Every structure is written in structure tokens, then in C-alpha cells.
Amino acid sequence: MSATILSGLVARAARVSRLVEKVKKLSYIPQLAIIQIGDRSDSTAYIKAKMAFAKKIGVDIKYTNFKETISQPEVLAAVKNLNVDHSIQGIIIQLPLPADIDRATIIEAIDPTKDVDGLTSTNYDKLLSGDTFAIVPATARGVKELLAYYLISLKGKRVAVVGRSRLVGAPIAVLCRNDGAEVMVCHSKTVNLADETKKADIVIVAVGKPGLIGADHIKKGAIVIDIGISKMPDASLKGDVDFEAVKDIASAISPVPGGVGPMTVLGLFENIIDASL
Ligand code: NAP
């Protein structure tokens with residue numbers, strides 16, 4: 001039997017009215033500031049998706065596009081201005097940044113209460129310590145919401161998280177553990193990846209290597225969440241999971257595109273609304 005498709009588009013659409021209601025209850029229109037440096041087409045596409053969703057739920061966007069030649073002190077000054085601007089509830093620096101701009105320095109300059117991508121060390125440390133006021137990275141929040149929408153509980157489950165980046169894999173592992181899962185984190189030094197993922201009831205993959213996870217990595221009936229997105233030479237998007245090979249083994253699987261991507265946008269706007277309350 002073929003797996004249930006965990007559609008981020010369906011799950012997100014079901015949550016939209018809840019977000020619209022929350023925005024209507026505020027006494028003002030929340031505003032998200034987005035800074036883009038340069039003109040990478042993938043970054044521009046992600047920003048457009050965020051703008052479209054913002055419009056749908058009634059959030060304003062203040063978009064600033066700096067030329068790639070901007071200096072680090074100028075970017076820092078822009079972030080600092082947004083920090084003290086009371087009309088702004090959330091700040092996003094669209095990643096990746098040009099090579100001569102230090103990502104950590106810019107991210108750490110964001111006021112943690114406006115860090116709606118959940119990237120500052122203040123929010124990460126809060127997440128690690130189990131502080132419920134931590135702003136959780138949007139993808140991690142989106143994955144949790146996707147599982148919740150399809151009534152998939154993490155409690156007592158064996159979860160393999162493949163990828164341990166600070167932005168994606170690591171926070172997801174923490175959230176799964178906080179929800180009562182037994183979590184194995186795999187990475188580039190994991191000796192036999194398939195041995196580890198095959199033990200898992202839920203496999204969550206965030207690596208960026210198309211087709212890394214195949215039929216040999218998944219036990220029958222497992223749930224597979226594919227976060228990876230890679231642009232192929234023919235401009236199509238591919239996940240880290242070989243969807244065709246795994247869909248007949250897994251009991252449920254998220255597609256790429258249309259799985260975690262839309263839920264990441266949802267997670268971001270959930271963060272903005274929480275920051276606006
Ligand atoms: P990243 O910072 O490059 O981290 C990749 C992780 O994968 C690292 O922890 C690395 O291990 C691990 N890894 C590399 N090769 C491996 C292998 N052969 N086996 C097992 N693990 C391996 O990337 P990221 O920012 O976390 O993003 C990961 C993917 O998710 C990318 O495709 C990105 O585009 C996608 N993404 C999607 C969304 C979405 O909304 N759907 C959001 C964010 C990111 P080491 O730590 O040992 O180096």
C-alpha cells in the first residue's frame with residue numbers, strides 16, 4: 001500500500017483561519033521586516049512566498065534589499081534601527097549572506113524578542129533549556145505542526161533526525177525529545193546511516209543531498225519527513241528522500257515540494273504573531 005502523503009499545503013491551509021483570527025484580535029497590524037542582501041533568485045522566491053502568505057493573513061512586510069556591496073557595519077546599523085522601531089514585531093535576514101558579511105555577527109545583532117527565525121543564541125539556549133518562551137526556528141515549528149495536523153504523536157517514538165545544523169536538524173531533535181521521543185541524531189560522520197534510520201519509527205531528514213535516503217534506510221511502516229530542498233539542473237526541486245522508492249515502504253511521507261516548505265512559512269508567521277501578543 002502506498003504511504004499517506006503528508007501535505008504541507010493541506011495542513012497549512014487548515015491553519016490559516018486560526019492565524020487570521022489571531023491577527024484580527026490584535027489592536028494593530030503586525031509588521032515583519034525582511035532584509036535581503038543581493039539578488040539570489042532562490043532567496044527572492046522564498047521572500048515572495050513569505051510576502052504572499054503575509055498578505056493572506058493580514059501581516060505587513062517592510063522589505064529592504066541591499067546591494068551585495070553593502071558593508072557589514074551598514075547592515076548592522078539597519079538591524080539596530082529595526083530593533084528600536086516599535087512598528088516592527090519581527091526581523092528576518094534572508095540567508096545565505098554574501099561571503100564578506102559574517103552571518104553570526106548579523107544574526108546576534110537582532111533583538112531576540114524580534115528574532116522570528118529563532119536563530120539568535122539567546123533563543124537557541126532557551127530552547128535547549130526547555131524555556132517555553134524560546135522562539136523556535138520556523139522549520140522546526142513547521143515540522144511539529146505538520147506531524148500534529150496528521151495526528152502523529154512523538155511520545156515514546158524512536159526518531160532519527162538526519163542532519164544536525166543549528167538552523168534545522170538540531171532544534172528539531174530538541175523539540176522531538178521535549179515531546180517524549182527517543183532521538184538519534186545522525187550526521188556526516190555517522191558510520192552506517194541506514195542501520196540507524198532503519199531502527200526509527202519516524203525519520204526526519206535535513207541534509208541537502210538529493211536521494212540520500214532510499215528504500216534501504218526505512219523500516220516498513222515508518223513515517224518519513226523530508227526537509228531537504230535541492231535545485232536540480234532542470235530547475236526542479238528534489239528532497240533528500242528518494243520519494244518513489246520510499247513511498248511503498250513508509251506509512252506516511254512528506255513530498256518535496258509541497259511538504260515541509262509551506263509549513264516553514266506557517267511556522268514563521270506563528271512566531272511573528274506570538275511576538276506580537
Ligand atoms: P547544513 O547546514 O548544510 O547541514 C546539513 C547537515 O547534514 C549537517 O549536519 C551535516 O553533518 C549533515 N550531513 C551532510 N552529509 C551527510 C550524510 N551523507 N549523511 C548524514 N548527514 C549528512 O544544511 P541545513 O541548513 O540544515 O539544511 C538542510 C537541508 O534542508 C537543505 O537542503 C536546505 O535547503 C533544506 N531546508 C529546507 C527548509 C524547508 O523549509 N523545507 C528550511 C531550511 C532548510 P555535519 O554536521 O557532520 O556536517
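Cut-offs and rules
- Residues numbered from 1 in each chain as written.
- Predicted model: local features only at pLDDT ≥ 70, side-chain atom pairs only at ≥ 80, totals over all residues.
- Heavy atoms only, no water.
- Helix = DSSP H or I, 4+ residues; strand = E, 2+ residues; numbered from the N terminus.
- Rg over C-alpha atoms; globule rule 2.2 N^0.38 Å.
- Buried < 20%, exposed > 50% of the residue type's maximum accessible area, 1.4 Å probe, protein only.
- Contact = heavy atoms within 4.5 Å.
- Areas by Shrake-Rupley, 256 points an atom, 1.4 Å probe, with all protein chains shown as cover.
- Lys, Arg positive; Asp, Glu negative; His and termini not counted.
- Charge placed at Lys NZ, Arg CZ, Asp CG, Glu CD.
- Core = buried A, V, L, I, M, F, W, Y, C linked by side-chain atoms within 4.5 Å.
- Domains from an automatic or database assignment.
- Polar contact = N/O pair within 3.5 Å; in protein donor to acceptor, adjacent residues only side chain to side chain.
- Expected span 1.5 Å × (residues − 1).
- Bend = angle between axes of the 7 residues up to and from the residue.
- Near = heavy atom within 4 Å.
- UniProt positions renumbered as here; feature names shortened; annotations may be inferred.
- Salt bridge = Lys/Arg side-chain N within 4 Å of Asp/Glu carboxyl O.
- Buried area = accessible area lost by both parts, 1.4 Å probe.
- Nonpolar A, V, L, I, M, F, W, Y, C, P; charged D, E, K, R; others polar.

Participant: Give a description of the overall build of the chain that names residues and reports values.
Facilitator: Along its length, the chain carries 10 helices and 11 strands. In summary, the chain has a C-alpha radius of gyration of 19 Å against a globular reference of 19 Å for 277 residues, a match within 12%. Considering only C-alpha atoms, the chain reaches an extent of 50 × 40 × 40 Å along its principal axes. A total of 277 residues make up the chain; the buried ones form 51% of that total. If you take every contact in the chain between residues at least 6 apart in sequence, the share linking residues at least 24 apart comes to 72%. Split by element, the accessible area of the chain, about 13000 Å² in all, is 56% carbon and sulfur. Seen as two clouds, the 34 positive and the 30 negative side-chain charges of the chain have centres 4 Å apart.

Participant: How would you summarise the nonpolar core if you had to cite specific residues and measurements?
Facilitator: Note that soluble globular proteins tend to have their nonpolar side chains buried in a common cluster. Core analysis: the biggest nonpolar cluster contains 50 residues, and I225 and F269 have the highest contact counts within it. With eight residues, helix α10 (residues 260-276) is the largest single contributor of residues to this core. Per-domain counts for this core show at least three residues from each of domain 1 (28-117) and domain 2 (137-261). When near neighbours in sequence (up to four residues on either side) are disregarded, F269 contacts L19, L32, K50, F53, A54, I57 and V59. In terms of nonpolar packing, the next biggest core, distinct from the first, is built from 21 residues, A33, I35, I70 and L119 among them.

Participant: Please give an account of the side chain of Q94 that cites residues and values.
Facilitator: Locating Q94 in the fold gives a position in the loop between β4 (90-93) and α4 (103-108). Within polar-contact distance, the side chain of Q94 engages the side chain of K50 at 2.8 Å. Residues within four places of Q94 in sequence aside, it is in contact with I35, Q36, S43, Y46, I47 and K50.

Participant: Residues and numbers for helix α1 (residues 8-25), please.
Facilitator: Here α1 spans 26 Å end to end across 18 residues, near enough to the 26 Å set by a 1.5 Å rise per residue. At R15, α1 shows its maximal bend, which comes to roughly 30 degrees. In the core, the buried residues of α1 are packed alongside α2 (41-57), α6 (138-149) and α10.

Participant: If you had to explain the site of the ligand to someone new, which residues and values would you point to?
Facilitator: Near the ligand lie 20 residues; those nearest to it are R164, S165, S188, I229 and T264. The separation between an oxygen atom of the ligand and a polar side-chain atom of R164 is 2.7 Å. In the model, a nitrogen atom of the ligand is placed 3.3 Å from a nitrogen or oxygen of the I227 main chain. Sorting elements by how many residues they give to the shell around the ligand places α10 first, with three residues.

Participant: Outline the UniProt feature "domain: Tetrahydrofolate dehydrogenase/cyclohydrolase catalytic" (unreviewed entry) in the chain, supporting the account with residue identities and numerical values.
Facilitator: As recorded in UniProt, the feature "domain: Tetrahydrofolate dehydrogenase/cyclohydrolase catalytic" (unreviewed entry) lies at residues 16-117. Between the C-alpha atoms that bound residues 16-117 there is a distance of 19 Å. The span itself is 44% helix and 18% strand.

Participant: Lay out unusual backbone geometry in plain terms, naming residues and giving numbers.
Facilitator: Cis geometry marks the peptide bond from L95 to P96, where omega comes out at 0 degrees. Following the sequence through the fold, P96 ends up in the loop between β4 and α4. In this structure, P257 follows V256 across a cis peptide bond, with omega equal to 0 degrees. At A235, a position not held by glycine, the phi torsion is positive, near 75 degrees. With respect to the helices and strands, A235 occurs in the loop between β9 (230-231) and β10 (237-238).

Participant: Explain the pattern of salt bridges residue by residue, including any values.
Facilitator: By the definition in use, this model includes 15 salt bridges. Between K144 and D179 there is a salt bridge, with the nearest N and O atoms lying 3.2 Å from each other. One end of the pair, K144, is in helix α6; the other, D179, is in the loop between α7 (169-178) and β6 (182-186), with 35 residues separating them in the sequence. Taking the relative accessible area as the measure of exposure, D179 reaches 30% and is therefore partly exposed. Through salt bridges with shared partners, a single ionic network connects R15, R18, K22, R141, E145, E270 and D274.

Participant: Got a sec to walk through the domain arrangement of the chain? Specific residues and values, please.
Facilitator: Once the domains are mapped, the chain shows domain 1 (28-117) and domain 2 (137-261). The C-alpha-based centres of domain 1 and domain 2 are spaced at 28 Å. Of the residues lining the interface, five residues belong to domain 1; the matching set on domain 2 comes to six residues. Between domain 1 and domain 2, roughly 330 Å² of surface is buried when both sides are summed, and carbon and sulfur atoms account for 47% of that area. Interface area lost by domain 1 to domain 2 is led by Y46, R103 and D117, which between them contribute 66%. Seen at the junction of domain 1 and domain 2, the total is zero salt bridges. Summed over the shared surface of domain 1 and domain 2, the result is zero residue pairs in polar contact (both at pLDDT 80 or more). Elements supplying a minimum of two residues to the side of domain 1 that touches domain 2: α2 and α4. In the side of domain 1 that touches domain 2, the residues fall into one nonpolar, one polar and three charged.

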